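# Structural overview
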Amino acid sequence: VTGISDLRSVFAGKLLTDPADTAPFLTDWRGLWTGRARAVVQPDSTADVAAAVRWCAERRVPIVPQGGNTGMSGGATPDGSGDAIVLSLARLNRVRGIDTVNDSIIVEAGCILQAVQDAADRADRYFPLSLAAEGSCTIGGNLACNAGGTGVLRYGVARDLCLGLEIVTADGEIWDGLRGLRKDNSGYDLRNLFIGSEGTLGIITAAVLKLHPRPLARATAFVALQSPASALELLGLVRRRHQSALSAFELLSETCLSLVVEHQPGARRPLGSSAPWYVLIEFSGSSDEESLRADLEAVLMAGLDTGIVLDAAIAESLSQAAAFWTIREGISEAQGAIGKTIKHDIAVPISAIGRFLDQADAAVARRWPGARHVTFGHVGDGNLHYNFSPVPGQDGAAFMAMQDDLNALIHDIVVAHGGTISAEHGLGVLRRDEAARLKSPVELRLQHKIKHALDPLGILNPGKLIAVAQRSATEGAS
Ligand code: FAD
Ligand code: 2HG
Ligand code: ZN
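Note that the structure is a prediction, hence the values are computed from the model and not measured. (Residues numbered from 1 in each chain as written. Chains lettered and ligands numbered in written order. Predicted model: local features only at pLDDT ≥ 70, side-chain atom pairs only at ≥ 80, totals over all residues. Heavy atoms only, no water.)

For the rest of this paragraph, the subject is the coordination of the zinc ion (ligand 3). The coordination sphere of the zinc ion (ligand 3), as far as protein atoms go, consists of H378 (NE2), H385 (NE2) and E424 (OE), spread over 1.9 to 2.1 Å. Judged by its relative accessible area of 4%, H378 falls in the buried class. Take H385: its relative accessible area is 4%, and that puts it in the buried class. (Donors = N, O, S within 2.8 Å, 3.2 Å for Na, K, Ca; no water. Buried < 20%, exposed > 50% of the residue type's maximum accessible area, 1.4 Å probe, protein only.)

Looking at the protein chain, the pLDDT average stands at 96 and 98% of residues meet or exceed 70. Per-element confidence in the protein chain ranges from a low mean pLDDT of 38 for helix α18 (residues 473-477) to a high of 99 for strand β10 (residues 203-210). A low-confidence stretch, residues 471-478 (pLDDT under 50), is modelled with one contact involving residues beyond four sequence positions or located in other chains. (pLDDT = per-residue confidence, 0-100. Helix = DSSP H or I, 4+ residues; strand = E, 2+ residues; numbered from the N terminus. Contact = heavy atoms within 4.5 Å.)

Judged by pairing direction, the sheet is mixed, and its four strands sit side by side in the order β1-β2-β4-β3 without closing on themselves. Both edges of this open sheet fall to β1 (13-16) and β3 (63-66), since each of them pairs with a single strand only. Pairwise comparison of adjacent strand axes, ignoring direction, gives a mean angle of 20 degrees for this sheet. When β1 meets strand β2 (residues 39-43), the two strands line up antiparallel, connected through four bridges. Bridge pairing in β2 links K14 to Q42. (Pairing = 2+ DSSP bridges. Axes fitted to C-alpha atoms, helices over the stretch in contact; angles between N-to-C directions.)

What follows is about the site of ligand 1. Taken together, the neighbourhood of ligand 1 is formed by 36 residues, with P65, G67, T70, G71 and T138 sitting nearest. Measuring from an oxygen atom of ligand 1, one finds a backbone N or O atom of N69 at 2.9 Å. When the free accessible area of ligand 1 is taken as 970 Å², the share hidden by the protein chains comes to 95%. Looking at the shell around ligand 1, the elements that each hand over two or more residues are β3, α5 (139-145) and β10. Ranked by residue count, the leading element in the shell around ligand 1 is α5, at five residues. Of the residues that constitute the shell around ligand 1, the class distribution is 15 nonpolar, 19 polar and two charged. (Near = heavy atom within 4 Å. Polar contact = N/O pair within 3.5 Å; in protein donor to acceptor, adjacent residues only side chain to side chain. Areas by Shrake-Rupley, 256 points an atom, 1.4 Å probe, with all protein chains shown as cover. Nonpolar A, V, L, I, M, F, W, Y, C, P; charged D, E, K, R; others polar.)

With respect to burial, strand β8 (residues 162-168) is a largely interior element, seven of its seven residues being buried. Of the strand pairs in this sheet, β8 and β10 are connected by six bridges, and their pairing is antiparallel. By the bridge assignment for β10, I167 is matched with I204. In this sheet, strand β9 (residues 174-177) lies alongside β8 in antiparallel orientation, the contact comprising four bridges. The residue of β9 that forms the bridge with L165 is G177. Linking β8 back to β9 in an antiparallel pair, the connection comprises five residues, with G172 at a positive phi of about 90 degrees.

This is how it looks when you write it as structure tokens:
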């Protein structure tokens, strides 16, 4: 391969090679994966991304796309070979336009999610994708992972918020699919193929996103419960009475709450007493705040009457509502503060959540009595982060040694309940082999065919999402 200085001349933007500059791009935020790379390439425009990709394609140099590097599955970290370049989209961060009649916004892939929310807000619109990493993750990363977050219950996942994409293909061509259309049946749905492909099929350089009306009022409650079964009963009750007002329904265990209260400065318990489980419920919409609060209060009272709800607090002010959300959004960081983490991102049909938890908890207790569960998630979407931390005093390496067996145990139960091993964080390298173990041969063959069709040289994020295809003897010889 020709020297990297050669690459410098083909695109405008930054080329980082100094180890002090490249280091932050070579490790994920949890410190689980660290790799090496020839350079970190930060182009200034789509044309420059295309030029860099062509340079790589001509030389068979692997490309690892990276946005905010907040991913959970190791998808944005290069492997240890040092062959790849990291293609950082950080400098492609312009809002290209906003159309308040079409309710859409065109943004470049490196735009930070929060910047997109703010741009929508300035135009009196709402961009509802919302997650704790929103101050650092990018739209390109959100779409590449098909991120979820806390607004999915009403607004859907990243895919549901995307109308069109601009893509640099594996051979360095630009596909302008920036269509702001609600309906488009003119052929195979390429946009949806790239969304969720974790950088393995093409580079997302820009997107047309859907905007929504800005909610005029919100009511937020923190609710104590005995069990996840009660949470599901309450969800059913809320849905029957106020489906259109419901915008979030998030579950967390007492362990999660104590972790946040202990590790997050200023975090306080929302309720006077403690309980095994909690849900954070948000109502929002165009009605006035008083009637939203009254509806929320009425449904919580009904829950108290029937014994589903043990205790509840409705936020009295915006800052109290924000404090409730800070607890929910602080769990990942608080879990990180007590050592290594083993994380799951499972989803099952909502009706199977109770059975999944009963079986998984029992199976874990049999194999690892006393294991430290950190369970929380988007229960309204059937998606749980069935996570674990070391028990106090447990050595990090001994804890991580459980990971493969624990994952297999949980994933088998998930699949038995018709679920998925990744609802929102993607496969990356973390779940790639488990997905291969659990998916049918037909599904895997189709996935490999798609990969081969769009990236025949196998240079886009190789080894992520699906294993690198075996080269045939003939190919190898040629
Ligand atoms: P990166 O981490 O940089 O990359 C992620 C993947 O996308 C990699 O495979 C990478 O190669 C690929 N990629 C990145 N940009 C591009 C591009 N332009 N073109 C092609 N491929 C690209 N996720 C959720 O779904 N829901 C949550 O609630 C949630 N909460 C989180 C909370 C915290 C505190 C943190 C740290 C993370 C959370 N995440 C959550 C995970 C993560 O933030 C999201 O998955 C986010 O979408 C990743 O965006 P990113 O820009 O950081 O992508
Ligand atoms: C969330 O729901 C994120 O807060 C992070 O998806 C989950 O840390 C995790 O496991
Ligand atoms: Zn989540």
